[in-house]
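# A look at the structure
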Amino acid sequence: MKPRAFPQGLLRRFNESPTVGRLVIRPSRRHASTSPASSTSSPSSTPPPKQQRWLRFAFITAAAAGIGALVRSQQGPDSTTLNQMKFTPYYLVSREPVSSTGSYFVLQPPAADGSNHAVYEEAWKTGVWSVMFKQPQLQIGRDYTPLPATCSEDEEDECLRFFIRKDPFGEVSRYLHSLEIGAPIEVRGPRIECEIPPDTQQILFIAGGTGIAPALQAGHTLLRRTNETHKPRIHILWANRRREDCVGGVSDTNATTTAPSRSWFSGLFRSSKDNQGGPVEAPRSTGTSLIVRELEALRSQYPGQVTVDYFVDEEGTSIGKQLILDSTRSGPSSQESEESKNTNNLILVSGPEGFISYMAGPKLWAQGMELQGPLRGILKELDLKDWAVWKL
């Protein structure tokens, strides 16, 4: 997701508003006249100079008041429940290093009164969603994907959890990593990134780096729909630059692909906005990565419905065409019912911009909106007719 600058957004809104547009003050035109009748025209047709100045002042004051009201409605910190219109001040209660470049953040709402449960629940039922964090000094924002709670106690505390990598060129991620515990962070949302249809049977999720957060979300949303007759499945392919990002992760299949001598994956990471940042605090343990533990918890909760394969650039493994093709063929067998075979199949791709472009083609920006753009890359070459593709 690209950072968003608020002043430009506000300017665009006012330029598009017919109401504010009428409040723009322009100097009155003066016309030269050679007709003597013009000098004898009624004095009421043109206001005297003092009245003109008063009218200008009144119009400008009204416009300024309108702008101030909109700014306060968009950025006012007085809300205690997460919503899409105002920024809500959450508080940083924990930041745990996951690797030398990324951390696990826990944010708490201003009031633990249960008011956020309905907001979260609606978003989790729908699909993959994000919230925007604001960098107050530069007045820019960036979208981040909350991680699902792994136990019932976590669900009750109303906290939001995130896996955030420190990007040396990312103003928001550097700001977040510089905060002290207890510091306020203004949050707005939720914003639905991708709806997962209720009848979805299979998801193949191709994740690069921190793109694993939407993968965990998709798995949580899909698998909680499990019942006696509906047992959806998700297969996650997770690629990282270094083993430390997924230490302890063991693939469920052996279908890894050896990367070329100069890996396309490392090149894409260096050129993308998800570049590795300066080192953060060293992880406290060299055991299983916190994110790998999250994946294992999901797999334990839904046995037989979750499979994960890990790929590490520094170990020479990457996600190849044949592996993707094999993953899409591991669906319901011919022995299963027609109803099971005719359900929706989704391929979701998430990660740095270069990673998404390589897999499925770049997303596009048009008229201030981010669009999917045409399908390209590896997935276009494979021509998987029975699978819908969505870029996150």
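Our structure is the block above this text.
Here the structure is a predicted model, which is why all the values come from computation and not from measurement.

### A look at the overall build of the protein
The number of helices and strands found in the protein is 13 helices and 16 strands. The buried share of the protein, reckoned over its 392 residues, is 45%. The contacts of the protein with a sequence gap of at least 6 include a subset with a gap of at least 24, amounting to 75%. About 20,300 Å² of surface is accessible on the protein, with carbon and sulfur atoms providing 53% of the total.

### Some points on the nonpolar core
Among the nonpolar cores identified, the biggest contains 36 residues, and I203, F205, I234, I236, W238 and I291 are the most heavily contacted of them. Elements that contribute at least two residues to this core include exactly β3 (102-108), β8 (200-208), α7 (212-223), β9 (233-240), α9 (290-301), β11 (306-312) and β13 (344-350). Split by domain, the residues of this core number at least three in each of domain 1 (88-192) and domain 2 (196-254 + 287-331 + 342-391). With residues near it in sequence (within four places) discarded, I291 still touches V98, L147, F163, I212, L216 and W238. Counting residues in each nonpolar core, the second largest holds 23 residues, with A123, Y144, Y175 and V187 among its members.

### A few points about helix α10 (residues 321-328)
Taken together, the buried positions of α10 are L323, I324, L325, S327 and T328. Among the structural elements, β8, β9, β11, β13, α12 (353-360) and α13 (377-382) are those in contact with the buried residues of α10.

### Here's the deal with the packing of aromatic side chains
Tallied over the entire structure, the rule returns five aromatic pairs. When the ring of W124 is compared with that of W129, the centres are 5.2 Å apart and the planes differ by 80 degrees; the resulting orientation is edge-to-face. Taking the relative accessible area as the measure of exposure, W129 reaches 1% and is therefore buried. With a centroid separation of 4.9 Å and an interplanar angle of 75 degrees, the aromatic rings of F133 and F162 are classed as edge-to-face. Of this pair, F133 sits in strand β4 (residues 127-135) while F162 sits in strand β6 (residues 160-165), placing them 29 residues apart in sequence.

### Some details on the pairing of β4
Here β4 lies mainly inside the structure; nine of its nine residues are buried. Across six bridges, β4 lies against strand β7 (residues 184-195) in antiparallel orientation. Looking at β7, one finds that F133 is bridged to V187. The sheet contact formed by β4 and strand β5 (residues 140-144) spans five bridges and is antiparallel. Bridged to M132 within β5 is D143. If you look at the hairpin formed by β4 and β5, you'll find four residues sitting between the two strands, and Q139 has a positive phi there, around 55 degrees.

### Focus: helix α4 (residues 117-126)
If you check which residues of α4 are buried, you get Y120, A123, W124 and T126. What you see down the axis of α4 is that its buried residues fit within an arc of 165 degrees, all on one side.

### Quick look at the pattern of salt bridges
Per the stated rule, a full pass over the model turns up 13 salt bridges. In this structure, the salt-bridge partner of R191 is D143, at a minimum N-O distance of 3.1 Å. Residue R191 is found in strand β7, and its partner D143 is found in strand β5; the two are separated by 48 residues along the sequence. Overall, the relative accessible area of 30% leaves R191 in the partly exposed class. For D143, a relative accessible area of 5% corresponds to the buried category.

### Considering the packing of α4 against α7
Two elements in contact, α4 and α7, have axes separated by 8 Å at closest approach and are oriented at 90 degrees. In terms of their interaxial angle, α4 and α7 are classed as roughly perpendicular. Facing W124, K125 and T126 of α4, the residues of α7 in contact are Q217, H220 and T221. Among the residues making up the contact of α4 with α7, the classes are represented as one nonpolar, four polar and one charged.

Quick notes on the rules
- Residues numbered from 1 in each chain as written.
- Predicted model: local features only at pLDDT ≥ 70, side-chain atom pairs only at ≥ 80, totals over all residues.
- Heavy atoms only, no water.
- Helix = DSSP H or I, 4+ residues; strand = E, 2+ residues; numbered from the N terminus.
- Buried < 20%, exposed > 50% of the residue type's maximum accessible area, 1.4 Å probe, protein only.
- Contact = heavy atoms within 4.5 Å.
- Areas by Shrake-Rupley, 256 points an atom, 1.4 Å probe, with all protein chains shown as cover.
- Core = buried A, V, L, I, M, F, W, Y, C linked by side-chain atoms within 4.5 Å.
- Domains from an automatic or database assignment.
- Phe/Tyr/Trp six-rings, centres within 6.5 Å; stacked < 30°, edge-to-face > 60°.
- Pairing = 2+ DSSP bridges.
- Arc of directions from axis to C-beta.
- Salt bridge = Lys/Arg side-chain N within 4 Å of Asp/Glu carboxyl O.
- Axes fitted to C-alpha atoms, helices over the stretch in contact; angles between N-to-C directions.
- Parallel < 35°, antiparallel > 145°, perpendicular 65-115°, else oblique.
- Nonpolar A, V, L, I, M, F, W, Y, C, P; charged D, E, K, R; others polar.

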